[in-house]
Amino acid sequence: MCGIVGYIGHRNAIPIVIEGIKRLEYRGYDSSGVAVIGSENTLGLFRRQGKVIELERSLPAPSKSAGNVAIAHTRWATHGEPSERNAHPHTNCEKTLAVAHNGIIENFKALRDRLEAEGCVFASETDTEVLPHLIGFFRQKGLDLTEAVRETLQLVDGTYGIAVVDTEQPDRIVAARKGSPLILGIGDDEFFVTSDVSAIIIHTKKVIYLEDREIVTVRRDGFEISTLDNISVEGKVSIVEWDVSSIDKGPYKHFMLKEIFEQPESVANAFRGRIADSLSTARLGGLGLPPQELRRIKQIQIIACGTSWHAGLIGSYIIEDIARVPVRVEYAGEYRYRNPIIPEDTLVLVISQSGETADTLAALREARARGVRVLGLTNVVGSTIARETDGGVYIHAGAEIGVASTKAFTSQVTVLTLLAVLLGRMRHLSPLEGAEILNELKHIPDKIQTILDMNVEIRAIAASMVDDRNALYLGRGVHYPVALEGALKLKEISYIHAEGYPAAEMKHGPIALIDKEMPVVAIAMRDALYDKIVSNLQEVKARHGRLITIVDGLDDQIEALSDHTLCIPATLPTLQPLLSVIPLQLLAYHVADLRNMNVDQPRNLAKSVTVE
Ligand code: F6R
């Protein structure tokens, strides 16, 4: 959730690492700091509460902070409030070395008690600070920096991605990971370490994704990777495919808006090359499962968190409908601890945009430990989940920077639809039915564009919700998870309390909340359940609720009931969520923007939740 960037080379390091952590601000942003090895081999340490810009403003003139080796960190507080003294990097008592850390040291209390008993004075409330003190302790015993880090990490329980600099071995950065991502960037006579490639791709696209329990020692002229048990490792070089433009806002006010508008392209990227027209089916080679095994699947368990969980829930409706394979959708945080039953011939599918979510990763490991084949749907190539699954599909949404997930969601739903068609065609789905879905899928990008063209209209509707304190989202069938997603989008970026409900459930409790203060956003498509949802809307209107309806065809009844109506293009029922969610994303965006909220970096949230 926090971000790390380190640089070693011949250039002035501070501007490079500061620029890098600015790009990672979307991950965690309550404080930041930088440690630089100065020309006299002194440690320059600068930290600030608040945005990286505050840190940048507080830095001394380049002549006083120049150096070619630096590590920087942007923090999302876990242990200890957001403050300057809790900001990273942290140092040992002698201030000879500094550590930036992502993750949580679970046994920090016991380690801290031991260190304090030996006279160590702590300067922060963080769990991280035990690391520099322990490394310093081993350095005093004569170990070199890499060995001191190795010894320290043997004592630590928990998760970490760390980067360490030491004034007494000023020619290197030592970095290591376990359960928190860490990447080595390889430039020309310069190297980078980072927790997220987007921080460094303006400098290099050549990277090595470190594995858990690996340590890298990086010098200006090369690097060595070894395991915690001191076995030397080659390290596989990968080339990052992201375009540099994907980490720029372009003409858009916020990344979230840019990413919403990228959906015609990102959805097309999710299905491009994956439709086998001649057989009216989908081609998902990354699954790595022969057709015979795909046919044998008797049940699917989908595991995810947040928006990815909503995509999974939509997937369950579509897969059950098209392929007639039972699907259970589980919150990863629940699954990992509740001793799940995984019957024979179950396929476990984990969904994670970032590929780093701690709960999802733990659930995947639990399922694999039981000998089950686990497939993954991820966006980030080389992410931990992508590497630890037995196979899977990349959604190819491109970098998603806005904390509120938008384009990753529609790409996940697109790939789940392909999976449903693939499984369906091996069971009951006829070639004609398969072709109908796949052909219509090809029209979805244009239909999304038609909805994006209603942006001004949607902003006007958003203006009617700016002062609201609550909102209710209703949908039936496959639109129930869309309602959940719409409500999540609104609450996370505008801080208006919102709930999503299956429309029929409203009368079992939430109806008590409805009065003229309550906006109700309802998805009312002309499908088999249309009449049912219209009845639900009558119930809202009868209690003076304000109705905003998303429809795919206007009629007098809906117009008479609604305060605002948005008519979006019609499509097959299976594909409707890919369209009905778009106005909800835009609605949430505009409400938050009109309330002057920090849309891309909502309070308390981080892009990838790498702690439990
Ligand atoms: C909401 C949002 C989160 C994530 C969740 C899982 O807009 O982005 O709810 O969906 O934290 O993240 P991933 O998909 O990276 O595992």
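Residues numbered from 1 in each chain as written. Predicted model: local features only at pLDDT ≥ 70, side-chain atom pairs only at ≥ 80, totals over all residues. Heavy atoms only, no water.

## Quick look at the sheet that holds strand 18 (residues 299–304)
Part 1 of the reasoning: Strand order in this open sheet of five strands is 19-18-20-21-22, and the pairing throughout is parallel. Because the sheet does not close on itself, it has two edges, and the strands there are strand 19 (327–331) and strand 22 (391–394). This sheet shows a mean twist of 20° between the axes of neighbouring strands, independent of strand direction.
Part 2 of the reasoning: Judged from the five bridges that link them, strand 18 and strand 20 (residues 346–352) form a sheet pairing that is parallel. Looking at strand 20, one finds that Ile 302 is bridged to Leu 349.
Part 3 of the reasoning: Contacting strand 18, strand 20 and strand 21 (374–378), helix 12 (residues 358–369) runs over the sheet at an angle of about 165° to strand 20.
Part 4 of the reasoning: Running over the sheet, helix 14 (residues 407–425) touches strand 18, strand 20, strand 21 and strand 22 and is turned about 165° from strand 20. (Pairing = 2+ DSSP bridges. Helix = DSSP H or I, 4+ residues; strand = E, 2+ residues; numbered from the N terminus. Axes fitted to C-alpha atoms, helices over the stretch in contact; angles between N-to-C directions. Contact = heavy atoms within 4.5 Å.)

## Side note on helix 12
Part 1 of the reasoning: Its twelve residues give helix 12 an end-to-end C-alpha distance of 16 Å, which sits within 8% of 16 Å, the value for a rise of 1.5 Å per residue.
Part 2 of the reasoning: Listed in full, the buried residues belonging to helix 12 are Ala 358, Asp 359, Thr 360, Leu 361, Ala 362, Ala 363, Leu 364 and Ala 367.
Part 3 of the reasoning: Here the buried face of helix 12 lies against strand 18, helix 11 (332–335), strand 20, strand 21 and helix 13 (384–388).
Part 4 of the reasoning: At the C-terminal side of helix 12, Gly 371 shows a positive phi close to 80°. (Expected span 1.5 Å × (residues − 1). Buried < 20%, exposed > 50% of the residue type's maximum accessible area, 1.4 Å probe, protein only.)

## Examining the site of the ligand
Part 1 of the reasoning: Around the ligand lies a shell of 15 residues, among which Ser 308, Ser 352, Ser 354, Thr 357 and Glu 492 are the nearest.
Part 2 of the reasoning: Between the ligand and Thr 307, the relevant distance is 3.0 Å, taken from an oxygen atom to a main-chain nitrogen or oxygen of the residue.
Part 3 of the reasoning: Contact between the ligand and Val 403: an oxygen atom at 3.4 Å from a main-chain N or O atom of the residue.
Part 4 of the reasoning: Contributions of two or more residues to the shell around the ligand are made by helix 10 (306–323) and helix 18 (479–494).
Part 5 of the reasoning: Its residues assigned to classes, the shell around the ligand shows five nonpolar, eight polar and two charged.
Part 6 of the reasoning: Mapping the shell around the ligand onto the domain boundaries places at least three of its residues in each of domain 2 (250–445) and domain 3 (454–599). (Near = heavy atom within 4 Å. Polar contact = N/O pair within 3.5 Å; in protein donor to acceptor, adjacent residues only side chain to side chain. Nonpolar A, V, L, I, M, F, W, Y, C, P; charged D, E, K, R; others polar. Domains from an automatic or database assignment.)

## Notes on the pattern of salt bridges
Part 1 of the reasoning: With the rule as written, the count across this model stands at 37 salt bridges.
Part 2 of the reasoning: Across the pair Asp 144 and Arg 172 runs a salt bridge whose closest N-O atoms are separated by 3.9 Å. With a gap of 28 residues between them, Asp 144 in the loop between helix 5 (130–140) and helix 6 (145–154) and Arg 172 in the loop between strand 7 (160–166) and strand 8 (173–178) connect regions that are remote in the sequence.
Part 3 of the reasoning: Residue class for Asp 144 comes out partly exposed when judged on its relative accessible area of 28%.
Part 4 of the reasoning: A salt bridge links Arg 459 to Asp 593; its shortest N-O distance comes to 3.1 Å. Highlighted residues: Arg 459 in helix 17 (residues 455–463) and Asp 593 in helix 21 (residues 576–594), separated in sequence by 134 residues.
Part 5 of the reasoning: Exposure remark for Asp 593: the relative accessible area of 6% places this residue in the buried category.
Part 6 of the reasoning: Three or more residues joined by partner-sharing salt bridges are found here, namely Arg 177, Asp 212, Arg 365 and Glu 388. (Salt bridge = Lys/Arg side-chain N within 4 Å of Asp/Glu carboxyl O.)

## A word on the environment of Leu 43
Part 1 of the reasoning: Structurally, Leu 43 is set in strand 3 (residues 43–49).
Part 2 of the reasoning: Sequence separation between Leu 43 and Gly 6 is 37 residues, and the spatial gap between their C-alpha atoms is 15 Å.
Part 3 of the reasoning: Beyond its immediate chain neighbours, meaning those up to four positions away, Leu 43 contacts Ala 35, Val 36, Ile 37, Thr 91, Lys 95, Leu 97, Ala 98, Val 165 and Thr 167.

## A few points about the packing of aromatic side chains
Part 1 of the reasoning: Considering all chains together, one arrives at five aromatic pairs under this definition.
Part 2 of the reasoning: Between Phe 191 and Phe 223 the ring centres are 5.7 Å apart and the planes differ by 70°, which places this aromatic pair in the edge-to-face class. Here Phe 223 lies in strand 13 (residues 222–227) and Phe 191 lies in strand 10 (residues 191–194), a separation of 32 residues in the sequence.
Part 3 of the reasoning: Given the relative accessible area of 7%, Phe 191 is considered buried.
Part 4 of the reasoning: The class for Phe 223 is partly exposed, based on a relative accessible area of 26%.
Part 5 of the reasoning: Here Arg 526 stacks its cationic end above the ring of Tyr 530, 5.3 Å away from the centre of that ring.
Part 6 of the reasoning: Lying over the aromatic face of Tyr 495, Arg 603 brings its terminal NZ or CZ to 3.8 Å of the ring centre. (Phe/Tyr/Trp six-rings, centres within 6.5 Å; stacked < 30°, edge-to-face > 60°. Lys NZ or Arg CZ within 6 Å of the ring centre and 35° of its normal.)

## Re the sheet that holds strand 11 (residues 206–209)
Part 1 of the reasoning: Read across the sheet, eight strands follow the order 3-2-4-1-10-9-11-15 without closing on themselves; strand pairing throughout is antiparallel. Strand pairing shows two members of the sheet lacking a second neighbour, strand 3 and strand 15 (237–239), which therefore form its edges. For this sheet, the mean angle separating the axes of adjacent strands, direction not counted, is 20°.
Part 2 of the reasoning: Of the pairings in the sheet, the one linking strand 9 (residues 183–186) to strand 10 comprises four bridges and is antiparallel in character. Bridged to Ile 186 within strand 10 is Phe 191.
Part 3 of the reasoning: Packed on one face of the sheet, helix 1 (residues 13–23) meets strand 1 (3–8), strand 2 (31–37), strand 3, strand 4 (69–75) and strand 10 and runs near 155° to strand 1.

## Observations concerning the pairing of strand 11
Part 1 of the reasoning: Relative to strand 11, strand 9 runs antiparallel, the two being bridged by three bridges. By the bridge assignment for strand 11, Ile 183 is matched with Tyr 209.
Part 2 of the reasoning: In this structure, strand 11 lies alongside strand 15, joined through three bridges in antiparallel fashion. Looking across to strand 15, one finds that Lys 206 is bridged to Ile 239.

## Quick word on the domain arrangement of the chain
Buried accessible area, meaning the area lost when the parts come together, often serves as the stated size of an interface.
Part 1 of the reasoning: Here the domain parsing of the chain yields domain 1 (3–246), domain 2 (250–445) and domain 3 (454–599).
Part 2 of the reasoning: For domain 1 and domain 2, the distance between their C-alpha centroids amounts to 34 Å.
Part 3 of the reasoning: Contact between domain 1 and domain 2 buries roughly 1,200 Å² in total, counting both sides, with carbon and sulfur atoms accounting for 52%.
Part 4 of the reasoning: Considering only the side of domain 1, the residues that lose the most area to domain 2 are Tyr 26, Trp 242 and Ser 246, jointly responsible for 44% of the buried surface there.
Part 5 of the reasoning: At the boundary of domain 1 and domain 2, one finds two salt bridges. (Buried area = accessible area lost by both parts, 1.4 Å probe.)

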